[in-house]
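Working through the structure, step by step
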Amino acid sequence: DLVLTQSPLSLSVTLGQAASISCKSSQSLVYSVGNTFFNWLHQRPGQAPRRLMYAVSNRDSGVPDRFNGSGSGTDFTLTINGVEAEDVGVYYCMQGIHWPPTWTFGQGTRVDIK
Amino acid sequence: QVQLVESGGGVVQPGRSLRLSCAASGFTFNDYAMHWVRQAPGKGLEWVAVISYDGGTTSYVDSVKGRFTISRDNFKNTVFLQMNSLRAEDAAVYYCSRELIGGKAEKFDSWGQGTLVTVSS
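Residues numbered from 1 in each chain as written. Chains lettered and ligands numbered in written order. Predicted model: local features only at pLDDT ≥ 70, side-chain atom pairs only at ≥ 80, totals over all residues. Heavy atoms only, no water.

Here we take up the packing of aromatic side chains. This model, assessed by the stated rule, comprises ten aromatic pairs over all chains. A centroid spacing of 5.8 Å and a plane angle of 80° characterise the contact between A:Phe38 and A:Trp40, whose relative ring orientation is edge-to-face. With relative accessibility at 0%, the residue A:Trp40 sits in the buried group. An angle of 80° between the planes, with centres 6.0 Å apart, marks the rings of B:Tyr95 and B:Trp111 as edge-to-face. Here B:Tyr95 is found in strand 9 (residues 92-99), whereas its partner B:Trp111 is found in strand 10 (residues 107-111), with 16 residues between them in sequence. Neither residue differs from the other here; B:Tyr95 and B:Trp111 are each classed as buried. Ring pairing ties together the aromatic residues A:Phe37, A:Trp103, A:Phe105, B:Tyr95, B:Phe108 and B:Trp111, which thus form one cluster. In this arrangement the basic side chain of B:Arg72 is found over the ring face of B:Phe29, its NZ or CZ atom lying 4.3 Å from the centre. (Phe/Tyr/Trp six-rings, centres within 6.5 Å; stacked < 30°, edge-to-face > 60°. Buried < 20%, exposed > 50% of the residue type's maximum accessible area, 1.4 Å probe, protein only. Helix = DSSP H or I, 4+ residues; strand = E, 2+ residues; numbered from the N terminus. Lys NZ or Arg CZ within 6 Å of the ring centre and 35° of its normal.)

For the rest of this paragraph, the subject is the sheet that holds strand 1 (residues 3-7) of chain B. All names here are of chain B. Pairing in this open sheet of four strands is antiparallel, and the strands run 1-3-8-7 from one edge to the other. Taken across any chain shown, the strands that pair with only one partner, and hence form the sheet edges, are strand 1 and strand 7 (68-73). The average angle at which neighbouring strand axes cross in this sheet is 15°, direction not considered. Bridge analysis of strand 1 against strand 3 (residues 18-25) gives five bridges, and the strand direction is antiparallel. From the neighbouring strand, Glu-6 faces strand 3, where its bridge partner is Cys-22. (Pairing = 2+ DSSP bridges. Axes fitted to C-alpha atoms, helices over the stretch in contact; angles between N-to-C directions.)

Attention now moves to the interface of chain B and chain A. The parts lose accessible area when they come together, and the size of an interface is often stated as this lost area. Contacts between chain B and chain A engage 26 residues on the former and 23 residues on the latter. Approximately 1,900 Å² of surface area, both sides summed, lies buried where chain B meets chain A, with 67% of it carried by carbon and sulfur atoms. Of all residues in chain B, B:Leu45, B:Lys104 and B:Lys107 bury the most surface against chain A, accounting for 29% of the area lost on that side. The tally of links from chain B across to chain A stands at zero salt bridges. In this assembly, chain B and chain A are joined by seven residue pairs in polar contact (both at pLDDT 80 or more). (Contact = heavy atoms within 4.5 Å. Buried area = accessible area lost by both parts, 1.4 Å probe. Salt bridge = Lys/Arg side-chain N within 4 Å of Asp/Glu carboxyl O. Polar contact = N/O pair within 3.5 Å; in protein donor to acceptor, adjacent residues only side chain to side chain.)

Structure, rendered in structure tokens:
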């Protein structure tokens, strides 16, 4: 079974500093066409999750360019360049397979302001 | 715009059943596979089930196989999750989301607000 391991699980960041979240997969994305089966989500307290990045490195509409996704194969990273107060919450990576279209989530990384 | 609205949650005793619904609008529903994802209180996200655009293929996480059934009505633009033999560990907020098979951007790009299922005697 596919397992996604995020690290760290908790991150306390000073406003304006950079933050980086790692997501390591037990199965490579190498056979995914266009790396389409890897997303990052953000969930603020009390809200539904919202997709932040799709296909590893593509920002969703309205997502500030301080957010960057990178990686390939089994190692992926979400970087926030200059954390702002609105960035608090939990970040999840997610990876899927083509068929049947089943998906797995990472455990989540909680980000708060120091 | 795309909208997904879940309903049907509530308090149910262990061993009983509940049927969740997710009403979709703002897109061509029968082009998309639909997913259910859940989140237990204070925990992370867990993928639960998927149904193909035509209802012909379904898949489930192991912990709900044989107890949950996902289905859809493409005339009513609605996806359902029939949950039988509910257990305490099924208590969660249940979200629905969509996926365009073969698409790049249209994978979990929209989520509903969720519906809360509480399993308690």
